[in-house]
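If you want the building blocks of each chain, they are given just below.
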Amino acid sequence: MNEIFKLSLIFSTIRLSTPLLLAALGGLYSERAGVINIALEGLMLAGAFTAAAVTHYAGNPWIGLLAGILAGMAVASIHAVACIRYKADQVVSGTAINILMIGVPALLSGAFFLSSGSTPQIPKDNLIPWTPVVIAFLLVPLTWYVLYRTPFGLRLRAVGENPGAADAAGVSVNGMRYAAVLLSGALAGIGGAYLSIGQSSLFTRNMTSGRGFIALAALIFGKWRPVQTMLACLLFGFTEAISIQLQGVKVGGEEIPNQFIQIIPYVLTIVVLAGFIGQARAPRALGMPYQKER
Amino acid sequence: MKLLRELLFPLVAVAAAFVVGGIVVLLIGDDPIYTYKLLIGSALSWPDGIGRTLFYATPLIFTGLAVAVAFRCGLLNIGAEGQLYVAAFATAWVSIKLGGTVVDVFGTPVNYSWASLPAVLLVPLAILTAIVVGGAWGAIAGYLKAYFGAHEVITTIMLNFIAVALVSYFTQYHYKVPGDPILQTAPIGAAAHIPRLSAFIPGLPESIPLNVAFILALLACALVYVFLWRTKWGYEIRATGANPTAAEYGGISIRKQIVLAMAVSGGLAGMVGVNEVLGYHHRYYDSFSENYGFTGIAVALLGRNHPVGIIFSALLFGMLQRGAIPVDAFTEHVSKDLVQVLQAIVILFVAAEAAFRGSFGRFGLLKRSKV
C-alpha cells in the first residue's frame, strides 16, 4: 500500500462513481415525482450508443454528448407516455425499455457499422474523460438546491408525495411527471455517454453491464436524497475500484474472489430496504399513476 | 364472447409489434416482408424449425408460469433470472455429486462424486433440487417483502445479481475442470441425463435438443392451473392478489401467501435448470440464460397470466428466438436483435392495455409497500 496506489484508488473511485451518480440523480428526479424508473439501464445504453455513434460521424464529442442526452430523453419519453398517459405498470414499462435498449443499439450498429453491437473506435482527442465527472458532482448541490429551495422542486416533491393535494393547489401532476422522467432520461443519457466517449472509446454491446441497476440501488441506499445518493454512488464506485485493483492479487496464497466484492452494493441495498439499517422511505405516491378526480 | 375479448388485445399487441418492427427493418434498409417470411418460415419448418422452437419455448413456459403465479398474488417477480441460475447450478451440483464417474472435456475419466445413483433416483432428485433451490431463492424476496416491507421488485433485481455472482464463484473456484478455458462445471453423471424427444418422435433428428423438459413444462401448466384454481392455497393467493385488505379480513394471512407465491414462482423458474442442465448442456454453463427470466414477464403478460395463454405466448417467443437465427444470417442489415425489439414492444403494448381495463387491483400490493 503505497501513496500511488491510494491516489489511483481515489481517482478510479471517482471515475467509476460518475456514471452511477448521473443515472442515480436522473432516477432521483423521476422517483421523487412518483414514477419508478427501473429503465435507467436502458436509458444509459441509449445515451452510450448514440453518443459514440454521433461522435464517430460528427468528429466532435460535444455534439455526441448532446445527442446522447437527446437519445436518453427520447427513450425516457416512451416510458413517460406509457406510465403517465397510458397508466401502464411502471415496473413493467421499465423492463420493456431495458429489453428494447439491448436490441436497438445492436440492431442499429449492425445496420450502420456492420458490426454485431459495437461502434468504431473514436480517436483519443475526441473523448471527454473529465467533463462528465465535473458535471456529475456539480449536479449534486444543484439537485439539492432545485429540490429543496425552488418552487419547481417543491412541486416535484409534492407530486410524488401527494399528487391529489398538489393538483388541488394547481400543480399539473402529469406535467411535472413528464418533466421529471425526461430529466432522468437526460441525466442517464450523460451517464451512458460518459461510459462510451469518456471512460472508453467506443460503444460495446450491453456496456452498462448492470450499472443502471447499481444506480437504482444507490438511489435507494441514499434514501432518495441527493447528497446521500452521491455518497452511496461513491461507496459503490469504490467497491468496483477495489474489485478491479484486487484482480489477480493474492492474499496468503489465495486469490480473493471478485464475485464477493461485486455483490456488496446489492447486498447493502437489500439490507437497507429491509430496514435493518434505518428506514428507507420511498416517495409515497411512487408507482401510482395519477387519476384526476371528476 | 369473453374469450374473444381476452384474445383480442394480445393479438393486437403482437400485430402492433410486428408493424413497428417492420418499420424498423425498413428504416435500416431491409425488406420487412422478406425478413418476416424468413423468420416465421424457418421457425415452422419440420423438423429443425419446429423442434428448436419447442426447445426455446420450454424455458419460457416455466418462467412465464413463474411470473404469472407471482402476478396472481399481486407481486412482480423480476427475479426469475436469478432463481433459474441458482437452481440450474444446484441441479448440476447434485448430478455431479451423485452421478458417478464422468469423462471431462479433455476426454479423461474423472470422479468428483460421492456416490453413483441410478437414473430412477437421480433424475427425480435433481429435478426436486431445482424446484426447491429455485423456490428458496424466490422465497427470500417473498419473506423480505412480507416481514420487512422490502419491495419485491428491487430485492429480486438485487438477488439476480447476487445469484449470478454466487454461481459464477462456485463454478470458477470449485467445480470447473482444472484447465478448462470455458466457465462451466464438470459434466454431470450420465444417469442424470433426461432423454431427448428424438428418441420418441420419428423424423426428429437427434441433433435437436428438445427434451423431456418440454413435456414437464406442459405438465407444469396443468399443475399450475389446478393449484391456482382448484386448491385452497391457490384461492388464497388469488384473493391476496385481487384485494389484500379484503383477503386479510377474510382470515387469510397475506404474509404467508406472499412467501408461498414467491416460493412457487421461484420453483417454476428453477425448472429451467432441468431443461438446460439435465436435458441440454449436461453441465452447468455460466450465463446460459438468454434473458429467459425477463422474457418470462412478456410471456406471462401476453398470456394473460393463464397457463393456456402462457403456452401460446411461449411458443410465439420461442418461434421468434428460433427464427432470429436465419434473419441474422440471410438479411443485409437486420440482426437477431430484432427479436428483443419485438419483445419490448409487445410488453409495452400489453402493459399499457392493462390500465385501459382498470385492472390495477392486480397490483394492489404495489401500492401498499415501500418502493
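Nothing here was measured: the structure is a model prediction, and the numbers come from that model. (Residues numbered from 1 in each chain as written. Chains lettered and ligands numbered in written order. Predicted model: local features only at pLDDT ≥ 70, side-chain atom pairs only at ≥ 80, totals over all residues. Heavy atoms only, no water.)

**As for the overall build of chain B**
Helix and strand counts for chain B come out as 15 helices and two strands. For 371 residues, the compact-globule estimate of 2.2 N^0.38 gives 21 Å, and chain B sits close to it at 21 Å. Its C-alpha atoms give chain B principal-axis dimensions of about 60 × 55 × 35 Å. Considering only intrachain contacts with a sequence separation of at least 6, the fraction spanning at least 24 residues in chain B is 75%. Of the roughly 14,400 Å² that chain B leaves accessible, carbon and sulfur atoms contribute 69%. Looking at charge distribution, chain B has the averaged site of its 23 positive side-chain charges lying 14 Å from that of its 18 negative ones. (Helix = DSSP H or I, 4+ residues; strand = E, 2+ residues; numbered from the N terminus. Rg over C-alpha atoms; globule rule 2.2 N^0.38 Å. Contact = heavy atoms within 4.5 Å. Areas by Shrake-Rupley, 256 points an atom, 1.4 Å probe, with all protein chains shown as cover. Lys, Arg positive; Asp, Glu negative; His and termini not counted. Charge placed at Lys NZ, Arg CZ, Asp CG, Glu CD.)

**Details of the overall build of chain A**
Scanning chain A from terminus to terminus reveals 12 helices and two strands. For chain A, whose C-alpha radius of gyration is 19 Å, the value lies close to the compact-globule estimate of 19 Å for 294 residues. Principal axes of the C-alpha set define a box for chain A whose edges measure 65 × 50 × 30 Å. Put simply, chain A has 294 residues, and 57% of those count as buried. Counting only contacts in chain A whose residues sit at least 6 apart along the sequence, the fraction spanning at least 24 positions is 80%. About 11,500 Å² of surface is accessible on chain A, with carbon and sulfur atoms providing 66% of the total. If the 19 positive side-chain charges of chain A are averaged to one point and the 11 negative ones to another, these points end up 9 Å apart. (Buried < 20%, exposed > 50% of the residue type's maximum accessible area, 1.4 Å probe, protein only.)

**Notes on the interface of chain A and chain B**
With 51 residues of chain A at the interface, the matching set in chain B holds 50 residues. Between chain A and chain B lies a buried interface of about 4,200 Å² when both sides are counted; carbon and sulfur atoms form 79% of it. Along the contact surface separating chain A from chain B lie one salt bridge. One salt bridge in this structure joins A:Arg205 and B:Asp337, with 3.0 Å as the shortest N-O distance. Contributing elements (two or more residues each) for the side of chain A that touches chain B: α3 (61-85), α4 (90-113), α9 (211-221), α11 (258-262) and α12 (264-273) of chain A. Top element by residues in the side of chain A that touches chain B is α4(A). It accounts for 15 residues. (Buried area = accessible area lost by both parts, 1.4 Å probe. Salt bridge = Lys/Arg side-chain N within 4 Å of Asp/Glu carboxyl O.)

**Topic: the environment of A:Ala169**
With respect to the element layout, A:Ala169 can be found in the loop between α7 (163-168) and α8 (173-199). For A:Ala169, a relative accessible area of 64% translates into the label exposed.

**Structural notes on the environment of B:Phe106**
Residues and elements named next belong to chain B. Along the chain, Phe106 falls in the loop between β1 (102-103) and β2 (109-110). As for Phe106 and Val177, which are separated by 71 residues in sequence, their C-alpha atoms are 9.1 Å apart. If we skip the residues at most four places from it in the chain, Phe106 touches Val177, Pro178, Gly179 and Asp180.

**Some thoughts on the confidence of the model for chain B**
Of all residues in chain B, 95% attain a pLDDT of 70 or more, and the chain-wide mean is 90. Prediction confidence for the complex, expressed as pTM and ipTM, is 0.91 and 0.89 respectively. (pLDDT = per-residue confidence, 0-100.)

**Points about the packing of helix α12 (residues 292-302) of chain B against helix α13 (residues 307-330) of chain B**
Residues and elements named next belong to chain B. Running from amino to carboxyl end, α12 crosses α13 at an angle of 130 degrees, the nearest separation of the two axes being 8 Å. Between α12 and α13, the interaxial angle falls into the category oblique. With respect to the hand of their crossing, α12 and α13 are arranged in right-handed fashion. Contacts between α12 and α13 involve Tyr292, Thr295, Ala298, Val299, Ala300 and Leu302 from the former and Ile310, Ser313, Ala314, Leu316, Phe317 and Gln321 from the latter. The class makeup of the residues in the contact of α12 with α13 is nine nonpolar, three polar and no charged. (Axes fitted to C-alpha atoms, helices over the stretch in contact; angles between N-to-C directions. Parallel < 35°, antiparallel > 145°, perpendicular 65-115°, else oblique. Left-handed = near helix turned anticlockwise from the far one by under 90°. Nonpolar A, V, L, I, M, F, W, Y, C, P; charged D, E, K, R; others polar.)

**Description of the side chain of A:Thr239**
Residue and element names in this part refer to chain A. Position of Thr239 among the secondary structure elements: in helix α10 (residues 226-245). Since its relative accessible area comes to 8%, Thr239 is described here as buried. Non-local contacts of Thr239, meaning those with residues more than four positions away in its chain, are made with Ile261, Ile264 and Pro265.

**Some remarks on the packing of aromatic side chains**
Each aromatic ring pair is summarised here by two numbers: the centre-to-centre distance and the angle between the ring planes. Under the defined criterion, the tally for this structure stands at 23 aromatic pairs over all chains. With a centroid separation of 6.1 Å and an interplanar angle of 65 degrees, the aromatic rings of B:Tyr143 and B:Phe148 are classed as edge-to-face. Looking at B:Phe148, the relative accessible area reads 30%, which means it is partly exposed. Look at B:Tyr225 and B:Trp229: their rings are 5.3 Å apart centre to centre, the planes differ by 25 degrees, and that puts the pair in the stacked class. One end of the pair, B:Tyr225, and the other, B:Trp229, are both in helix α7 (residues 212-230), four residues apart, so they sit about a helical turn from each other. Taking the relative accessible area as the measure of exposure, B:Tyr225 reaches 30% and is therefore partly exposed. Pairwise contacts between aromatic rings join A:Phe260, B:Tyr85, B:Phe89, B:Tyr169, B:Phe170, B:Tyr173, B:Tyr175, B:Tyr284 and B:Phe288 into one cluster. (Phe/Tyr/Trp six-rings, centres within 6.5 Å; stacked < 30°, edge-to-face > 60°.)

**Here we look at unusual backbone geometry**
Residues and elements named next belong to chain B. In this structure, Pro47 follows Trp46 across a cis peptide bond, with omega equal to 0 degrees. Residue placement: Pro47 occurs in the loop between α2 (32-43) and α3 (48-72). At Ser287, a position not held by glycine, the phi torsion is positive, near 45 degrees. Following the sequence through the fold, Ser287 ends up in the loop between α11 (272-281) and α12. Its identity is not glycine, yet Asn305 carries a phi of approximately 55 degrees, on the positive side. With respect to the helices, strands and loops of the structure, Asn305 is situated in the loop between α12 and α13. A relative accessible area of 3% places Asn305 in the buried class.

**Describing a nonpolar patch on the surface**
Judged by side-chain polarity, A:Leu7, A:Ile10, A:Phe11 and A:Trp130 come together as a nonpolar surface patch covering roughly 410 Å² of accessible area. By secondary structure assignment, the location of A:Trp130 is in the loop between α4 and α5 (131-149). (Patch = residues over 30% accessible without salt bridge, like charges linked within 9 Å, V, L, I, M, F, W, Y side chains within 5 Å.)

**Examining the pattern of salt bridges**
Residue and element names in this part refer to chain B. Under the counting rule described, the total for this entry stands at six salt bridges over all chains. Salt-bridge contacts for Arg322 lead to Asp48; the nearest nitrogen and oxygen are separated by 2.8 Å. Of the two residues, Arg322 is situated in helix α13 and Asp48 in helix α3; the sequence distance between them amounts to 274 residues. A residue is classified by how much of its surface remains accessible, and Arg322, at 9% relative accessible area, is buried. Its relative accessible area of 28% is what places Asp48 among the partly exposed residues. The partner of Glu152 in a salt bridge is Lys145, and the shortest N-O contact between them spans 2.8 Å. Accessibility expressed as a relative area gives 0% for Glu152, which makes it buried. You can call Lys145 buried: its relative accessible area is 8%. Several salt bridges share partner residues, and in doing so they unite Asp48, Arg52 and Arg322 into one network.

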